[in-house]
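# What the coordinates show
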Amino acid sequence: MRQKKDASAVCVIFGAKGDLTRRKLIPALYHLFINQHLSDTFRIFCIDYISIERETFLEELLSGVVEFSRTGPPDINQWKTFTSRITYISGDFLKEDTYLELKTVLDTVDLQNKKRGIRIFYYAVAPRFIEIISDSLYRFKLANQDNLDRIIIEKPFGTDLETAKKLNRFLRKRFTEKQLYRIDHYLGKETVQNIMAFRFANYVFEPLWNNKYIDHVEITVAEKVTVGSRGGYYDGSGALRDMVQNHLLQLLCITAMECPAKYEAETIRNAKTAVIKQVRPFTPSTVSKNVVRGQYRGYRKEEHVPSRSYTETFVAARLYIDNPRWKGVPFFLRTGKGMQRQSTVIIIQFKDSPNKIFKGDVIPNRLTISIQPELEISLLFESKVPGLQMKLKPVEMDFTYKESHEEEIPEAYEALILDVLKGDATLFMRGDQVEAAWKLVMPILDYWKKHQGKDLRYYEQSSWGPRAATELIKPYSTDWNHLPG
């Protein structure tokens, strides 16, 4: 869906000199431009406190597109036309002069286009600047039109339940909920979006999507990289805050949600939020039984990490959703750094066949949804081996994007920015969903804070985490399912 050509719009990026802008935002906007999703009047205003010549700044952006763009180095003429839309503003987020200058340039754009256009404000900044920038936008009436002005906020959205509630209250005093787009780039991934189509557009699967046929569900987000130079940030966060509270719970919601009445933002977000609220709450006694925290060996030697740090780099958890569809089905969530390979996978493990008439029928059906890097869905089922005897062998039926579609797969940020431009909040988290996610993980955080290093398990780098994670999944399986690749 392309934006209407007469729709005037601007994108203001706070934190324009940051890594996110160079690696993700500008490449995404460039692809939206070359694929004709942006209007002829679309403008980009990049703001940061560093004083830099425009040509130097554009050279830095170009190097980012060359390095990180999914299509490689840009066409010179297209890049020149695209960058003609970019303006760099050197300004301190703490000073009023920055917002006065921004107001002047935005009013000038509206004057040139002879109408008030859409304004997207992207907070590519550290969390400490969110309230400062938001209050300034409010006071200078830069984002005061509900139907036209949109604000994109990156995670982390708060550091616990109370800070998330406080931030929500702060923002709602200045903007309406429909203006706030809390972004989780996982929701923009093509394969994540395909889960809804897979479930609700194919009747062959939805009738089986319940506790009568499904034994358990595994959701894994494994990262091969270690913390590296990000130790200063990561040690104050940890895997539970950094990955589970947002990414993994979002994948859980999409996997377990009820079918919404129709495909629209609020009904879909209602269905997702309901899932989190139906997850059985953790208590101090259940945390120790159902949650494993680990730390890879060598983490404490990383840059800016304290020598006695108890911060977890690995989390595995067993959850139950207390509703009629999922009663009794455990959901196993796992994430970690320094793992054997990079992979994001959802595995639906079906129950064993009740018809045991074949001697070799020992492997239950399994559905694997590989979000990255494979971009595929595969179904494991039993088949007869060619020959004179009835001998069974498990085989896989695969769907891969590469083999099934000629269309290019857009990056997550392309899809998400375009949705903001269209005013579609389907793939963004609502305030109550964020708070529900924090409420779910708070008993775990509180337990770990109280008990410090108790039950912290250590694991070798390039492994699949501590042995305790394997024990967690028993008796439903002897081990976690092997990931593709």
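Because the structure is a prediction, the values reported are computed rather than measured.

### Considerations on the packing of helix H1 (residues 19–34) against helix H2 (residues 54–68)
Put simply, H1 and H2 touch, their axes get as near as 8 Å, and they point 85° apart. Considered as vectors, H1 and H2 are oriented roughly perpendicular to each other. On H2, the residues touching Thr 21, Arg 22, Arg 23, Ile 26, Pro 27 and Tyr 30 of H1 are Glu 60, Leu 61, Ser 63, Gly 64, Val 65, Glu 67 and Phe 68.

### Focus: helix H5 (residues 130–139)
Of all the positions in H5, only Ile 130, Ile 133, Ser 134, Ser 136 and Leu 137 are classed as buried. Angularly, the buried residues of H5 cover 165° about the axis, an arc narrow enough to put them on a single face. Contact partners of the buried residues in H5: strand E1 (9–14), helix H4 (96–113), strand E4 (118–123), strand E5 (149–154) and helix H6 (161–172). Following H5 by one or two positions, Lys 141 adopts a phi angle in the positive range, close to 55°.

### Quick word on the nonpolar core
One finds Ile 13, Phe 14, Leu 29, Phe 121, Tyr 123, Leu 319 and Phe 331 to be the most contacted residues of the largest nonpolar core, which totals 149 residues. Residues in contact with Ile 13, not counting those within four places in the same chain, are Thr 21, Leu 25, Ile 26, Leu 29, Ile 44, Phe 45, Cys 46, Ile 47, Tyr 122 and Ala 124.

### Observations concerning the packing of H6 against helix H14 (residues 431–451)
Relative to each other, H6 and H14 sit at 165°, their axes nearing to 9 Å. The angle between H6 and H14 places the two elements in the roughly antiparallel class. Here the hand of the crossing between H6 and H14 comes out left-handed. Contacts between H6 and H14 involve Leu 161, Ala 164, Lys 165, Asn 168 and Arg 172 on the former and, on the latter, Gly 431, Asp 432, Val 434, Glu 435, Trp 438, Lys 439 and Met 442. A class-by-class count of the residues in the contact of H6 with H14 yields five nonpolar, two polar and five charged.

### Concerning the sheet that holds E4
In space, the six strands of this open sheet follow the order E3-E2-E1-E4-E5-E6, with parallel pairing throughout. Since the sheet does not close on itself, it has two edges, and those belong to strand E3 (86–90) and strand E6 (180–183), each with one partner. Across the sheet, the axes of successive neighbouring strands diverge by a mean angle of 20°, strand direction being ignored. The sheet contact formed by E5 and E6 spans four bridges and is parallel. Its bridge partner lying in E6, Glu 154 is registered against Ile 183.

### What to know about a nonpolar patch on the surface
A cluster of nonpolar residues, Ile 357, Phe 358 and Met 390, forms a patch on the protein surface that exposes about 330 Å² of accessible area. Relative to the assigned elements, Met 390 resides in the loop between strand E13 (376–384) and strand E14 (392–400). Relative accessible area serves as the criterion here: at 51%, Met 390 is assigned to the exposed category.

### Details of the pairing of E13
Examined bridge by bridge, strand E12 (residues 366–372) and E13 share five bridges and lie antiparallel to one another. What sits directly across from Arg 366, in E13, is Leu 380. The loop that links E12 with its antiparallel partner E13 comprises three residues; one of these, Leu 375, has a positive phi angle of about 55°. Two strands pair when backbone bridges link them, and E13 and E14 are joined in this way by nine bridges, in the antiparallel orientation. The residue of E14 that forms the bridge with Leu 380 is Glu 396.

### Quick notes on the sheet that holds strand E10 (residues 330–336)
In spatial order, the strands read E14-E13-E12-E11-E7-E10-E9-E8-E15; together these nine strands make up an open sheet with mixed pairing. Strands with a single pairing partner mark the edges of an open sheet, and in this sheet they are E14 and strand E15 (456–459). When the angles between neighbouring strand axes are averaged without regard to direction, this sheet yields 20°. Note: strand E8 (residues 291–296) against strand E9 (residues 314–320), four bridges, orientation antiparallel. Directly across from Val 292, in E9, lies its bridge partner Ala 316. In this fold helix H7 (residues 190–200) packs onto strand E11 (343–350), E12, E13 and E14, with an angle of close to 145° to the strand it touches most, E12. Along the sheet, H14 contacts E8 and E9; its crossing angle with E8, the most-contacted strand, is approximately 60°.

Rules of the game
- Residues numbered from 1 in each chain as written.
- Predicted model: local features only at pLDDT ≥ 70, side-chain atom pairs only at ≥ 80, totals over all residues.
- Heavy atoms only, no water.
- Axes fitted to C-alpha atoms, helices over the stretch in contact; angles between N-to-C directions.
- Helix = DSSP H or I, 4+ residues; strand = E, 2+ residues; numbered from the N terminus.
- Parallel < 35°, antiparallel > 145°, perpendicular 65-115°, else oblique.
- Contact = heavy atoms within 4.5 Å.
- Buried < 20%, exposed > 50% of the residue type's maximum accessible area, 1.4 Å probe, protein only.
- Arc of directions from axis to C-beta.
- Core = buried A, V, L, I, M, F, W, Y, C linked by side-chain atoms within 4.5 Å.
- Left-handed = near helix turned anticlockwise from the far one by under 90°.
- Nonpolar A, V, L, I, M, F, W, Y, C, P; charged D, E, K, R; others polar.
- Pairing = 2+ DSSP bridges.
- Patch = residues over 30% accessible without salt bridge, like charges linked within 9 Å, V, L, I, M, F, W, Y side chains within 5 Å.
- Areas by Shrake-Rupley, 256 points an atom, 1.4 Å probe, with all protein chains shown as cover.
- Salt bridge = Lys/Arg side-chain N within 4 Å of Asp/Glu carboxyl O.

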